[in-house]
Amino acid sequence: MIDHDSRIPTATTAPRSVVALVDSTTHVERELVGSWLAEGGINQEFGTEAPVTQIDLDPTAIATRLVDRHDDPLVVPVRVLWLPPERDGVRRTTFTDLITLSNPRKPNRLMQRRLIGKAPDRHLVLTGQPARLSELRANNPGAAGAAEAFARAIVRAGIVALERAERAVIGDRYKVPRLVAEEILDSPEFLRRLDDIAAHTGTSPREMHRRAEKALRELVAAQSRLVSDLFTQAMRPVHASTWKVDDDPVGFERLRSLNRRYPLVFLPSHRSYVDAFVLGDVLARNDFPPNHVIGGANLGFWPMGPIARRTGTVFIRRSFGDDEVYKAVVEEYFAYLLAKRFNLEWYFEGGRTRTGKLRPPRYGLLNYLAAALRSGRVDDVMLVPVSITYERLNEIGAIADEQTGGKKQPEGLAWLARYVRNQQHSAGRVYVRFGEPLSARERLTAHGDPLVEPADPGPTVSNPAAAKADPEPETSNSTPATSNPAVAVSELAPAMSASAAGGNGVVPESESVVEEQERRAVQRLAFDVAVGINAVTPITVNALTTLVLLGVHERALTRDELRAAIAPVLGYIEYRDLPRGELDTLRDDHGLAVVLEQLAIAKVVTVYRGGLEPVYSIGAGAHLEAAFYRNSAVHWFVNRAILELAVLTAVEAPEGDQLRVGWEAAYRLRDLLKFEFFFPERAEFTSELTAEMLHVDPQWHRRTAAGTVGTEILAQLAGSGFMMAHRVLRSFFDAQLVVAERLAAHDPATAVDRKAIIDECLNVGRQMLLQQRLQSPESVSSELFGSALKLADNHGLLTPDPADPAELAARRTRFAGELRAIGGRITRAATLDPSNRLETL
């Protein structure tokens, strides 16, 4: 019940009396505890001969019989722990146990009596960490003056101590928070905030408290060990028969060490509804503290919603507008979870990716995290980038349909049944990788957030795995909560402005300056997370195979031809030591054949077998699905593709000006792609691009000493065995071209309706594809058109200009012309690629 690892009380003198706080629900449990006490159980365990008083772990009994005592007894929480039967060395509730109509972890009175005689190994008397009454008063200075408040604080501390003792027996995967709403509603700071809202809105404090309690009951995840056990068994087959999970045991050990000091926030990539199932199962298999999964209410439908809440999912309303009470409750609950070191998980892209690569992040929940740091509620939080990468996904067809204008199917029972049915086909491996943990405080400060250092910052977190473990706070549930995530998050709560909490020690010139600093710092923190996810995302066999096939225009390849096209890219991957899956499979004819056949079964690849040997190509209408696989790894090749286009631009310039033109082109391409990829600062980008060039041509510096870029550089690029620009960038620039041309045709004096212009782009894009003005169907995508509109807006091409419409129209026309020129260079890069030259294959 105090902040110590030892089971021995801290007092230097032996206690003169002991109080056993008994947490029991039946006469059987009271008898077991009573017999244990009579046999000297507490005295033996804690090395004392003091008399023992037995009191129920109940606020009324404690207020009456304990809080006013003038001596200083040793207070020990006690309960009976019931265990499921052991099966294969594991004690876990199964559906078989439900036949008895009793929860093995909470058997009824008759079952308890039966178990005492027939299965004595199914129970034990458990004690929590003890504390002197004086220490409890010192730990609760605000409650010690009021008997009822102090009694409730003792109850909470006793329950937390017993929960910790239970976890020493049953494992970390069963960490369950208790009395969360009660503790928040007892918080003096929270009550003061409710009083302020009541005074501001003219509402009675009683009504304000009622509304806050209702919102808390709606929000707080009511976790259950029984439901977690059963849900794991029910849902594991959904993905266990579909994928072979390849996780990161080294990463787990690093995180386990880090979690002893800091709360962890897992921020995974989001490619499938099954993401949370996979990550939750990986955590459970490694006996790692599970997460509270924070998600949108669209997946709270029956029966998934009630089950999910009992396995740790926190459903936040999609919108709560001016509801100050709900906002206060969300902020308080979020800060509470972080302060008590519960591990969290959310999908910061805001929804599943529609293209296969990371989406731009949402900042709402990161704002709450930053607010908790600024307010001093928590010293630091470690953010864990998580990459979840599938070799194949059975839901890609629906994702592709949404990109071309199809409607997203609403979640419900029928949707769930179809989803589970679709997962019953083998889909290879799923890779779960953990990126380098990021100190939220350290990164926010580095990005200009006006945070102050905590009073005791502890060891540096630049190497967070080396941080020394310290004892867990005892005032309430401080360990991570259990959560076997029941459902992935398809939409996060909308961007929510966290209040600018006080206590940051900064006196700004104006509040708006501080708010802007905070906003930018959170955005850059999200950027860091995205980079961390990309840095550990492996290149899968399907990603590499589709990358190569999508770059071969309207041609089918034999396996020998395909293997020859893959080989130089494999060499490039190995040279850079990029993370990868089972890519050696593609070197072997049999292994490559298996990969292609699996893609054919998934209807991504078409196989023609009527000739001398099978030939393979991307299936008609399957380009979006193929691009989804390719895009999971496309970020690894973006710099190479930009380099190729920069060189092609440079050789068009007059001799002597080519080097400057080439670099300007590279920077411009980086700017045009900034809503699609996560680029580093300009200096680092320059270094990365230089490294790419030196890989292609080790004599690059010598060749360009005169400031020229000759045609020999193009020969070097083609001679490397592959070109990337057409494979990696064509779809993005083609989508931008469609948007740019539609804007150029739009009246510059009238506002642009974003939804209407995306619909127009989908229709016109299909026409341009039929006319072969676009080279690939994956360019016709609502997701890509949406990013292209953001780019156009960033360049000031959306806002109408009634004062000078001709100038806006001219800028739109120039933008479209620039993109057509880039498209021409991409086509030239494709002609230089060896896989597009028949004579080389």
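Residues numbered from 1 in each chain as written. Predicted model: local features only at pLDDT ≥ 70, side-chain atom pairs only at ≥ 80, totals over all residues. Heavy atoms only, no water.

K.L.:
Hey, could you go over the overall build of the chain for me, with residue numbers and the actual values?
P.N.:
When helices and strands are tallied, the chain shows 33 helices and 17 strands. The buried share of the chain, reckoned over its 841 residues, is 56%. Long-range pairs, those at least 24 residues apart, make up 80% of the contacts in the chain with a sequence separation of at least 6. Surface summary for the chain: the accessible area is close to 34300 Å², and the carbon and sulfur share equals 52%. (Helix = DSSP H or I, 4+ residues; strand = E, 2+ residues; numbered from the N terminus. Buried < 20%, exposed > 50% of the residue type's maximum accessible area, 1.4 Å probe, protein only. Contact = heavy atoms within 4.5 Å. Areas by Shrake-Rupley, 256 points an atom, 1.4 Å probe, with all protein chains shown as cover.)

K.L.:
Now, about the pattern of salt bridges: what can you tell me, with residues and values included?
P.N.:
Under the criterion given, the structure shown has 52 salt bridges. In this structure, the salt-bridge partner of E652 is R825, at a minimum N-O distance of 3.1 Å. Taken as a pair, E652 in the loop between α24 (638-650) and α25 (658-672) and R825 in helix α33 (residues 805-832) lie far apart in primary sequence, 173 residues in all. Using a relative accessible area of 17% as the deciding quantity, one classes R825 as buried. As a salt-bridge pair, E664 and R660 come within 2.7 Å of each other at their nearest N and O atoms. Separated by 4 residues within a single helix, E664 and R660 lie in helix α25, roughly one turn from each other. (Salt bridge = Lys/Arg side-chain N within 4 Å of Asp/Glu carboxyl O.)

K.L.:
Please give an account of the side chain of N542 that cites residues and values.
P.N.:
The topology assignment puts N542 in helix α20 (residues 541-549). In terms of polar contacts, N542 uses its side chain to reach the backbone carbonyl oxygen of E391, at 2.5 Å. (Polar contact = N/O pair within 3.5 Å; in protein donor to acceptor, adjacent residues only side chain to side chain.)

K.L.:
Which residues make up the packing of aromatic side chains, and what values do they have?
P.N.:
Summed over all chains, the structure comprises 16 aromatic pairs. An angle of 70° between the planes, with centres 5.0 Å apart, marks the rings of F252 and F434 as edge-to-face. One end of the pair, F252, is in helix α11 (residues 249-259); the other, F434, is in strand β14 (residues 429-434), and 182 residues separate them in sequence. Judged by its relative accessible area of 0%, F252 falls in the buried class. Between F527 and F678 the ring centres are 5.8 Å apart and the planes differ by 65°, which places this aromatic pair in the edge-to-face class. One end of the pair, F527, is in helix α19 (residues 511-536); the other, F678, is in the loop between α25 and α26 (682-696), with 151 residues separating them in the sequence. What makes F527 partly exposed here is its relative accessible area of 27%. One aromatic cluster is present, built from ring pairs that chain together W663, Y667, F677, F679, F685 and F732. (Phe/Tyr/Trp six-rings, centres within 6.5 Å; stacked < 30°, edge-to-face > 60°.)

K.L.:
I'd like to hear about helix α22 (residues 589-601), residue by residue, with values.
P.N.:
Look at α22: 18 Å from first C-alpha to last across 13 residues, which is about the 18 Å you get at 1.5 Å a residue. Buried residues of α22: G591, L592, A593, V595, L596 and L599, and no others. Buried-residue contacts for α22 involve α20, α21 (559-576), β16 (605-608), β17 (615-618) and α23 (623-631). Measuring from the side-chain oxygen of the N-cap residue of α22 to the backbone nitrogen of H590 gives 3.1 Å; that N-cap residue is D588. (Expected span 1.5 Å × (residues − 1).)

K.L.:
Help me get a handle on the environment of R668, residues and values and all.
P.N.:
Within the element layout of this structure, R668 appears in helix α25. C-alpha of R668 to C-alpha of I642: the two residues are 26 residues apart in sequence and 9.7 Å apart in space. Contact partners of R668, with chain neighbours within four places excluded, come to H795, F815 and E818.

K.L.:
Can you lay out the pairing of strand β1 (residues 18-23) for me, pointing to particular residues and giving the numbers?
P.N.:
Extensive coverage of β1 is indicated by the burial of 5 of its 6 residues. As judged from the 5 bridges shared by β1 and strand β2 (residues 52-56), these two strands associate in the parallel manner. From the neighbouring strand, V19 faces β2, where its bridge partner is T53. Note: β1 against strand β3 (residues 74-82), 6 bridges, orientation parallel. Each residue of the ladder has a partner; that of D23, found in β3, is R79. (Pairing = 2+ DSSP bridges.)

K.L.:
For helix α6 (residues 147-170), give the residues involved together with the corresponding values.
P.N.:
Note on helix geometry: an α-helix contains 3.6 residues per turn, so any two residues three or four positions apart are oriented the same way. An ideal rise of 1.5 Å per residue puts 34 Å on 24 residues; α6 measures up with 34 Å between its terminal C-alpha atoms. Counting buried residues along α6, 18 of its 24 residues qualify, which places the element largely inside the surrounding structure.

K.L.:
Got a sec to walk through the environment of E554? Specific residues and values, please.
P.N.:
Along the chain, E554 turns up in the loop between α20 and α21. Accessibility expressed as a relative area gives 62% for E554, which makes it exposed. Spatially, the C-alpha atom of E554 lies 8.8 Å from that of I618, the residues being 64 residues apart in sequence.

K.L.:
I'd like to hear about the nonpolar core, residue by residue, with values.
P.N.:
By size, the foremost hydrophobic cluster in this structure holds 101 residues, and its most contacted members are I539, L544, F637, I642 and F733. Those residues in contact with F733 that sit more than four places away from it in its chain are L645, L669, L672, L673, L819, I822 and I826. Among the nonpolar cores identified, the runner-up in size contains 58 residues, and I184, A198, V265 and Y326 belong to it. (Core = buried A, V, L, I, M, F, W, Y, C linked by side-chain atoms within 4.5 Å.)

K.L.:
I'd like to hear about the confidence of the model for the chain, residue by residue, with values.
P.N.:
Residue-level pLDDT values for the chain average 81, and 78% of them are 70 or greater. Contacts of residues 455-509 to residues separated by more than four positions or lying in other chains number 205 contacts, the stretch itself having pLDDT below 50. (pLDDT = per-residue confidence, 0-100.)

K.L.:
Before we move on, can you summarise the pairing of β16 with the specific residues and values?
P.N.:
Relative to β17, β16 runs antiparallel, the two sharing 4 bridges. Looking at the pairing, Y608 lines up with V615 of β17.

K.L.:
Tell me what's going on with the environment of L592, and back it up with residues and numbers.
P.N.:
Within the secondary structure, L592 is located in helix α22. Placed 32 residues apart in sequence, L592 and D560 show a C-alpha to C-alpha distance of 9.7 Å. Those residues in contact with L592, other than ones at most four positions away along the chain, are R559, L562, R563, I566, T585 and L586.

K.L.:
So what about unusual backbone geometry? Which residues, and what values?
P.N.:
If you check the backbone angles, R341 has positive phi at about 60° while not being a glycine. Position of R341 among the secondary structure elements: in the loop between α14 (324-339) and β12 (344-345). Residue Q772 is not a glycine yet carries a positive backbone phi of 60°. Note on placement: Q772 falls in the loop between α31 (754-770) and α32 (782-794).

K.L.:
An account of the packing of helix α8 (residues 188-201) against helix α9 (residues 205-219) is requested, with residue identities and associated values reported.
P.N.:
Closest axis-to-axis distance for the α8/α9 pair is 9 Å, and the angle between their directions is 120°. If you check the angle between α8 and α9, you find them oblique. Judged by the sense of rotation from one axis to the other, the crossing of α8 with α9 is right-handed. Between α8, through F190, L191, L194, D195, I197, A198 and T201, and α9, the contact on the second element is made entirely by P205, M208, H209 and A212. Partitioned by chemical class, the residues of the contact of α8 with α9 number 8 nonpolar, 2 polar and 1 charged. (Axes fitted to C-alpha atoms, helices over the stretch in contact; angles between N-to-C directions. Parallel < 35°, antiparallel > 145°, perpendicular 65-115°, else oblique. Left-handed = near helix turned anticlockwise from the far one by under 90°. Nonpolar A, V, L, I, M, F, W, Y, C, P; charged D, E, K, R; others polar.)

K.L.:
Tell me about the packing of α24 against helix α28 (residues 711-719), residues and numbers included.
P.N.:
One can describe the packing of α24 onto α28 by two numbers: an axis separation of 10 Å at closest approach and a directional angle of 150°. One element, α24, and the other, α28, form an angle in the roughly antiparallel class. As for how α24 packs across α28, the hand of that crossing is left-handed. Residue-level contacts link R640, L643, E644, V647 and L648 of α24 to I713, L714 and L717 of α28. Partitioning the contact of α24 with α28 into residue classes produces 6 nonpolar, no polar and 2 charged.

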